Amino acid sequence: MSLTLTTHEAATPELAPRERETLRHIAAGRTYLQTARHMGLSKHTVDAYLRRIRAKLNINSTAELTRLAISLGL
């Protein structure tokens, strides 16, 4: 049996714990400000985390981020 991972799934371990947490909040429908307040961060830090996630995984939209989070069970 062969196991094939998509580009996103193969790259996912590159995400830092706070990046994964940020992704989970955004995928749950929270705004940047809501996410920031819940995590004890500034909304600029949340934005930076999401920019890093997008760059690492070559993702361009929030919809793609949400799809990834769901596929990872976040």
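Residues numbered from 1 in each chain as written. Predicted model: local features only at pLDDT ≥ 70, side-chain atom pairs only at ≥ 80, totals over all residues. Heavy atoms only, no water.

### Section: helix α2 (residues 17–27)
All of the buried residues along α2 are Glu19, Thr22, Leu23, His25 and Ile26. Taken end-on, α2 shows its buried residues confined to a sector of 165°, consistent with a single buried face. On its buried side, α2 packs onto α3 (32–39), α4 (43–57) and α5 (62–71). The first or second residue beyond α2 is Gly29, which carries a positive phi of 95°. (Buried < 20%, exposed > 50% of the residue type's maximum accessible area, 1.4 Å probe, protein only. Helix = DSSP H or I, 4+ residues; strand = E, 2+ residues; numbered from the N terminus. Arc of directions from axis to C-beta. Contact = heavy atoms within 4.5 Å.)

### Remarks on the side chain of Glu19
Position of Glu19 relative to the elements: it lies in helix α2. Setting aside residues up to four positions removed in sequence, Glu19 forms contacts with Glu14, Tyr49, Arg52, Ile53 and Lys56.

### Re unusual backbone geometry
One non-glycine residue with positive phi stands out, namely Asn58, at about 55°. Mapped onto the secondary structure, Asn58 falls in the loop between α4 and α5.

### Observations concerning the environment of Thr22
As for its position among the elements, Thr22 is in helix α2. Between the C-alpha atoms of Thr22 and Ile53, which are 31 residues apart in sequence, the distance is 9.5 Å. What Thr22 contacts, discounting residues up to four positions off in sequence, is Thr35, Met39, Val46, Tyr49 and Leu50.

### Focus: the nonpolar core
Counting twelve residues, the largest nonpolar core is built from Leu15, Leu23, Ile26, Ala36, Val46, Leu50, Ile53, Leu57, Ile59, Leu65, Leu68 and Ala69. Elements with a contribution of two residues or more to this core: α2, α4 and α5. If one sorts the elements of this core by residue count, α4 sits on top with four residues. (Core = buried A, V, L, I, M, F, W, Y, C linked by side-chain atoms within 4.5 Å.)

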